[in-house]
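One letter stands for each residue in the lines below.
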Amino acid sequence: MTASILYTILSVSGLSLVFGALLGFAAKKFAVRVDPKVEQIIGVLPGTNCGGCGFPGCAVFAEAVTKKDAGYNGCPVGGATAAAQIADAMGINPVASERKIAFVKCNGKDDNVKRNYIYDGPKSCVAASQLATGGNKSCAYSCIGLGSCKNSCPFGAIKITDGIAGIDGKKCTACGKCVAACPKKLIEMVPEKSKVRVLCNSMDTGKVVRANCRAGCIGCKVCQKLCEAGAITIENSVAHIDYEKCTLCMVCVNKCPVKTIKAMP
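In this text, all values refer to a predicted model and were calculated from it rather than measured experimentally.

Caption draft 1: Here's a closer look at helix α4 (residues 79–90). The terminal C-alpha atoms of α4 lie 17 Å apart, and with twelve residues this matches the ideal 16 Å at 1.5 Å per residue to within 8%. Taken residue by residue, α4 has A82, A83, I86, A87, A89 and M90 as its buried positions. Each buried residue of α4 sits inside an arc of 155° when the element is viewed along its axis, so together they form one side. Turned more than 90 degrees from where α4 packs its buried face, A80, T81 and D88 sit exposed. Among the residues trailing α4, G91 stands out with phi positive, at a value near 70°.

Caption draft 2: Structural context of the packing of helix α2 (residues 36–44) against α4. Relative orientation of the contacting elements α2 and α4 amounts to 165°, with a least axis distance of 9 Å. Taken together, α2 and α4 sit at an angle that is classed as roughly antiparallel. Here α2 and α4 pass one another in a crossing that is right-handed. Here K37, Q40, I41 and V44 of α2 lie close against α4, whose contacting residues are A82, Q85, I86, A89 and M90. In terms of residue class, the contact of α2 with α4 is built from six nonpolar, two polar and one charged.

Caption draft 3: Here's a closer look at the packing of aromatic side chains. Applying the stated criterion to the full structure yields one aromatic pair. With centroids separated by 6.1 Å and ring planes inclined at 50°, the aromatic side chains of F55 and F61 adopt a geometry described as tilted. Here R197 stacks its cationic end above the ring of F103, 5.2 Å away from the centre of that ring.

Caption draft 4: Focus on the pattern of salt bridges. With the rule as written, the count across this model stands at five salt bridges. Its salt-bridge partner being E63, residue K67 comes within 3.0 Å of it at the nearest N-O pair. Two residues, K193 and E98, come together in a salt bridge whose shortest N-O distance is 3.2 Å. Taken together, the residues span a long stretch of sequence, with K193 in the loop between β4 (187–191) and β5 (196–198) and E98 in the loop between α4 and β1 (100–104) at a distance of 95 residues.

Caption draft 5: How the structure looks around the environment of D110. Locating D110 in the fold gives a position in the loop between β1 and α5 (125–129). Taking the C-alpha atoms as reference, D110 lies 5.9 Å from G163; in sequence the two are 53 residues apart. Residues contacting D110, with those up to four places away along its chain left out, are R115, D162 and G163. Reaching out from D110, the side chain makes a polar contact with the side chain of R115 at a distance of 2.7 Å.

Caption draft 6: View of the nonpolar core. With 37 residues, the main nonpolar core has I187, V198, C223, I232, A239, C252 and I261 as its most contacted residues. Those elements that place two or more of their residues in this core are β1, β3 (164–167), β4, β5, β6 (232–235), β7 (238–241) and α10 (251–255). It is β1 that provides the largest number of residues to this core, a total of four residues. Leaving out residues up to four positions away in the same chain, I232 has contacts with C223, Q224, C227, A239, H240, I241, C252 and I261. Counting 19 residues, the second-largest nonpolar core is a separate cluster that includes F61, A62, A70 and C175.

Reading the values: the criteria
- Residues numbered from 1 in each chain as written.
- Predicted model: local features only at pLDDT ≥ 70, side-chain atom pairs only at ≥ 80, totals over all residues.
- Heavy atoms only, no water.
- Helix = DSSP H or I, 4+ residues; strand = E, 2+ residues; numbered from the N terminus.
- Expected span 1.5 Å × (residues − 1).
- Buried < 20%, exposed > 50% of the residue type's maximum accessible area, 1.4 Å probe, protein only.
- Arc of directions from axis to C-beta.
- Axes fitted to C-alpha atoms, helices over the stretch in contact; angles between N-to-C directions.
- Parallel < 35°, antiparallel > 145°, perpendicular 65-115°, else oblique.
- Left-handed = near helix turned anticlockwise from the far one by under 90°.
- Contact = heavy atoms within 4.5 Å.
- Nonpolar A, V, L, I, M, F, W, Y, C, P; charged D, E, K, R; others polar.
- Phe/Tyr/Trp six-rings, centres within 6.5 Å; stacked < 30°, edge-to-face > 60°.
- Lys NZ or Arg CZ within 6 Å of the ring centre and 35° of its normal.
- Salt bridge = Lys/Arg side-chain N within 4 Å of Asp/Glu carboxyl O.
- Polar contact = N/O pair within 3.5 Å; in protein donor to acceptor, adjacent residues only side chain to side chain.
- Core = buried A, V, L, I, M, F, W, Y, C linked by side-chain atoms within 4.5 Å.

Nothing here speaks to function; it is geometry throughout.
This is the structure in structure tokens:
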């Protein structure tokens, strides 16, 4: 081996050691210190990164909790179990909260509403809602049934049956993706234990509703008058239930003339 080659090898080796040392020093000097609580919280989160907490991912949510920019119970997927563990990591006492699930405020199944025409466009509720008619069903407020909400659900909790979306409460994690995906704003979060629901979101008058849907709310106010708890009001021609006041007496379910108010199983 000639002297020049040996010198080159030694020079390269020496530079490698120097650069390695510099990189090691820089790594320690400029390392971003992660709060141990963040890592602990990430460990109890489901890791779905669904965004239901209002943050782009579980790690961002965990950091927000430690900075008190988010509540310990802000993960809808993890539910009460994750909330209790996060509260423990933060050294606070958890408060029990009601489990919520998504609910589709519509009963516009194929045997209840009319089809004005055959829709042959993109299989997207958003696309169909952009048409002048807002979809091909006679009720402009009806579920379009093309599955935008179903496609948005990362937990397989939504099925399309008879032209309308239905949500499996046992699979629903209340992440809110379906709420954001529905162009008709038909999906809302409701307390799971509150079984009485209004399956309509139409703001048309009773006469128009009856002409377009056999199961729509006609705003007759029978439920409002009979509810002793004052849990039902008629707003924009459709019944609304105050779940905090509802006693599950079932009077409204039994007396609704068009069976728009249902008791969920």
